[in-house]
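Topology and contacts: notes
Given next are the chains, with one letter for each unit.
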Amino acid sequence: MSDVPGAFAAMALQQQQPLDNAVDASSRPEDLSCPCCFRPGKLCDSFSPEEAPMKIRGLRVLMASHGLDAYIVPSGDAHSSEYVAPCDERRAWLTGFTGSAGTAIVSMKEAALWTDGRYFNQASTQLEGSPFTLMRQHEPGVLDMPEWCLQQGSKIGICGGLCTLQFSQNFREKGLELVPIATDFVDVIWGSRRPKVPRNPCLEQPLALTGESVKSKLERVKKELNGSALVLNALDQICWLTNLRGCDVECNPVFFAYAVVTDELTLYLRCLDRELCGNGLEQHESDERIAVLKATLLEHFRSEGLAANLLPYSSFDAAECAQRCSGRKVALEKATSTLAMAAAIPEERRVLVDCSPVEIFKAVKNDVEIAGLRKAGRRDCAALVGFYGWLETRLGRVDECQACD
């Protein structure tokens, strides 16, 4: 996908025809022109906003072109992660609020951010002077997101790849059907400033640390599915199932992937995505690295007692998902599966579950995992005791930031 904002915008504008109640260009010309050059109907290639008001104006250009009354920007990534890579910090980039939990919604006239009590002070400070109103979630008299959206209109957009089935259901219960958008609007206006997408190699987790082979785990999961397919996008679940770890998200040992379990295991790995390089030599070296990594991973699964299909992350979409699960009922975890994942799966074939079998099995630790937890706990305790001893000798001479460093 191109990093040029104008190219992003063109893609977003082509993905959905204007709805019946689209904003009339004659009545709102400012909403249908580029904020930096006033080109009508689109964002120009050089549009690259830095301040929140300009970002919101760019967002409203795209909203108007799709006939939307409001647009939702969640905190999570395409895998419903709480902690995300810099390239997925859309809500933080748009609003300036950097807490790990919160949802922003922009309408044609207003902008608001919802977060919980852990972040009231932080959000109040970071949103000061911005166009966003802080909505103190669960406080008396504060509208929830569906109620607020109902006051803005009936056409509420959200990126289908970021919206979970459960989040969508919460709005449906309040009488609102969310409009899924294929290319996220924030990515469009973020453009070339968006941080690079991580494609770090996966790392094998040996049997001495996992206590169970991938083959054994897969057999247990398939037995629980009883002939149904399972589509996974929760990164921690994929790591557990495959006995692999990664470093695509800081301080989280995960890698970006999707997994489909049928009679076999199919993995879609971002580290296998081909990256276009500037010259032939660099391209050759990049392609060689991917080939070596794929061969290493295939050997990992052979050593674990099974063969797996390894495909590039970019090849996963709704059609691919439906094709892999063809002729079967498909188990989808409500809290993590997205509208984009389920788009091509007929509702009568969807089996919505609160927890996937992988999540349930992962929660029950075997003896090897328990021993690993205890060993890690001892190391953590030793580090904390050492820190407390250091801090006790410096009380009154260091502040919180210095102690943290």
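The paragraphs below set out a description of the structure included in this document. (Residues numbered from 1 in each chain as written. Predicted model: local features only at pLDDT ≥ 70, side-chain atom pairs only at ≥ 80, totals over all residues. Heavy atoms only, no water.)

Right, let's get into the overall build of the protein chain. In terms of regular secondary structure, the protein chain is built from 16 helices and 14 strands. Considering the protein chain as a whole, with its 405 residues, one finds that 48% of them fall into the buried category. The long-range share in the protein chain, meaning contacts at least 24 apart out of those at least 6 apart in sequence, stands at 64%. Carbon and sulfur atoms make up 52% of the accessible area of the protein chain, which totals about 20200 Å². (Helix = DSSP H or I, 4+ residues; strand = E, 2+ residues; numbered from the N terminus. Buried < 20%, exposed > 50% of the residue type's maximum accessible area, 1.4 Å probe, protein only. Contact = heavy atoms within 4.5 Å. Areas by Shrake-Rupley, 256 points an atom, 1.4 Å probe, with all protein chains shown as cover.)

Moving on to the nonpolar core. One finds V231, L241, L265, L269 and F301 to be the most contacted residues of the largest nonpolar core, which totals 71 residues. Counting 31 residues, the second largest nonpolar core, distinct from the first, contains I56, W93, L113 and L162. (Core = buried A, V, L, I, M, F, W, Y, C linked by side-chain atoms within 4.5 Å.)

Per the stated rule, a full pass over the model turns up ten aromatic pairs. Judged by centre distance (4.5 Å) and plane angle (20 degrees), the rings of Y71 and F185 are stacked. Taken together, the positions of Y71 in strand β1 (residues 70-73) and F185 in helix α7 (residues 185-190) put the pair 114 residues apart, joining distant regions of the chain. What links up through ring pairs into an aromatic cluster is the set Y258, Y268, Y313 and F316. One residue, K55, lies across the ring of W93, its end atom 4.1 Å from the ring centre. (Phe/Tyr/Trp six-rings, centres within 6.5 Å; stacked < 30°, edge-to-face > 60°. Lys NZ or Arg CZ within 6 Å of the ring centre and 35° of its normal.)

Turning next to the pattern of salt bridges. Counting across every chain of the model gives 19 salt bridges. In this structure, E177 and R172 form a salt bridge, with 3.1 Å as the shortest nitrogen-oxygen distance. Using a relative accessible area of 36% as the deciding quantity, one classes R172 as partly exposed. Of the charged contacts, one joins K196 and E275 as a salt bridge, the two residues approaching to 3.0 Å between their closest N and O atoms. Of the two residues, K196 sits in the loop between α7 and β7 (203-204) while E275 sits in the loop between β11 (265-269) and α11 (280-303), which places them 79 residues apart along the sequence. For E275, a relative accessible area of 26% puts it in the partly exposed group. Sharing partners across several salt bridges, the network here consists of D88, R90, D184, D187 and R194. (Salt bridge = Lys/Arg side-chain N within 4 Å of Asp/Glu carboxyl O.)

Here T336 lies in the loop between β13 (330-333) and α13 (339-342). A distance of 2.7 Å separates the side chain of T336 from the side chain of E333, its partner in a polar contact. For T336, the contacting residues outside a window of four places in its chain are S80, T164, N233 and A234. (Polar contact = N/O pair within 3.5 Å; in protein donor to acceptor, adjacent residues only side chain to side chain.)

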